Amino acid sequence: MAIYYEDFAVGQEWISPTRTVTEADVTLFAMLSGDYDEIHTSEAYAREHSPYKTRIAHGMLGMAMVEGLKKRIPAFAETRYIASLEYRWKFKAAILLGDTVHVAIRIASMRESRSRRDRAILGEAVQMRNQRGEVVGEGENLLKIWRRPQA
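Scoring rules and cut-offs
- Residues numbered from 1 in each chain as written.
- Predicted model: local features only at pLDDT ≥ 70, side-chain atom pairs only at ≥ 80, totals over all residues.
- Heavy atoms only, no water.
- Helix = DSSP H or I, 4+ residues; strand = E, 2+ residues; numbered from the N terminus.
- Buried < 20%, exposed > 50% of the residue type's maximum accessible area, 1.4 Å probe, protein only.
- Areas by Shrake-Rupley, 256 points an atom, 1.4 Å probe, with all protein chains shown as cover.
- Lys, Arg positive; Asp, Glu negative; His and termini not counted.
- Charge placed at Lys NZ, Arg CZ, Asp CG, Glu CD.
- Pairing = 2+ DSSP bridges.
- Core = buried A, V, L, I, M, F, W, Y, C linked by side-chain atoms within 4.5 Å.
- Contact = heavy atoms within 4.5 Å.
- Salt bridge = Lys/Arg side-chain N within 4 Å of Asp/Glu carboxyl O.
- Polar contact = N/O pair within 3.5 Å; in protein donor to acceptor, adjacent residues only side chain to side chain.
- Patch = residues over 30% accessible without salt bridge, like charges linked within 9 Å, V, L, I, M, F, W, Y side chains within 5 Å.
- Expected span 1.5 Å × (residues − 1).

Asks: Residues and numbers for the overall build of the protein chain, please.
Replies: Each helix and strand counted, the protein chain has 5 helices and 6 strands in total. In the protein chain, the order of α-helices and β-strands from amino to carboxyl end is β-β-α-α-α-α-α-β-β-β-β. In terms of overall dimensions, the protein chain has C-alpha extents of about 65 × 30 × 25 Å along its principal axes. Sorting the 151 residues of the protein chain into buried and exposed places 39% on the buried side. Carbon and sulfur atoms make up 53% of the accessible area of the protein chain, which amounts to about 8,500 Å² in all. A distance of 7 Å separates the average location of the 22 positive side-chain charges in the protein chain from that of its 20 negative side-chain charges.

Here's what the structure looks like:
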């Protein structure tokens, strides 16, 4: 079933399923992004130079996981997206290998497109939390989606 702008309301909230951040996730992200910084790739370096005394996941890997976890929420899996327009994100805490994360999403704002009657903008307030309930990242996403077609 397709979900459109008209199916949302300001204040709606969802919690995603969880996902554990693995060694493979960090390794593959390093390969994909080219970011082989030792804080992510060398346990010996991280033990000596990191305040966490262990490797941490890339911040951008966490953001990518936000989008993947969001698509596991049925309302968003069926939403007719056009594009993400803007992300504002704060990295609040490190994501450690072995952490289990999930996202909480709340519809913060809604408006119809000013230029196209068949489109609209959702403002999402997003938090990523770990298994201890700590917020590791939070921000806002403006999402362009389709409006329900008129018969």
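Asks: Report on the pairing of strand β6 (residues 135-146), specifying residues and quantitative values.
Replies: In this structure, strand β3 (residues 81-91) lies alongside β6, joined through 9 bridges in antiparallel fashion. Residue pairing for β6: E86 is matched across the bridge by L142. Sheet topology note: the strand β5 (residues 119-129)/β6 ladder contains 11 bridges and is antiparallel. Each bridged residue has a counterpart across the sheet, and for A125 the counterpart in β6 is E140. Taking the residues between adjacent antiparallel strands as the criterion, β5 and β6 are bridged by 5 residues, where G133 takes a positive phi near 85 degrees.

Asks: Quick one: what's the story with the nonpolar core, residue by residue and with numbers?
Replies: Counting residues in each nonpolar core, the largest one holds 29 residues, and the members touching the most others are F8, W14, F76 and M128. For this core, the secondary-structure elements that each account for two or more residues are α1 (23-33), α4 (59-70), α5 (74-77), β4 (100-112), β5 and β6. Here this core gets 5 residues from one element, more than from any other, and that element is α4. Not counting residues up to four positions away in its chain, the partners in contact with F76 are F8, W14, K70, K71, Y81, I105, I107 and E124.

Asks: Report on the pattern of salt bridges, specifying residues and quantitative values.
Replies: Throughout the structure, instances matching the rule amount to 15 salt bridges. When the shortest N-O distance is used, the salt bridge between E112 and R147 registers 3.5 Å. Here R147 lies in the segment after β6 and E112 lies in strand β4, a separation of 35 residues in the sequence. Salt bridges here are not isolated pairs; linked through shared partners, they connect E6, E112 and R147.

Asks: Give me the lowdown on the side chain of D25, citing residues and values where you can.
Replies: You can see D25 is positioned in helix α1. In this structure D25 comes out as buried when scored by relative accessible area, which is 13%. At 2.8 Å, the side chain of D25 and the side chain of R19 are in polar contact. Not counting the four nearest positions on each side in its chain, D25 is found in contact with R19, T20, L61 and M65.

Asks: Could you give an account of the side chain of H102, naming the residues involved and the relevant values?
Replies: Here H102 lies in strand β4. Apart from the residues within four sequence positions on either side, H102 is in contact with I15, S16, P17, T18, L69, Q127, M128, R129 and N130.

Asks: Tell me about a nonpolar patch on the surface, residues and numbers included.
Replies: Taken together, the side chains of L28, M31 and Y36 make up a nonpolar region of the molecular surface, amounting to roughly 350 Å² of accessible area. Tracing the backbone shows L28 in helix α1.

Asks: So, α4: which residues are in play, and what are the values?
Replies: Taking 1.5 Å per residue, 12 residues should reach 16 Å; α4 reaches 17 Å between its end C-alpha atoms and fits that length. Listed as buried for α4 are L61, G62, M63, M65, V66, L69 and K70.

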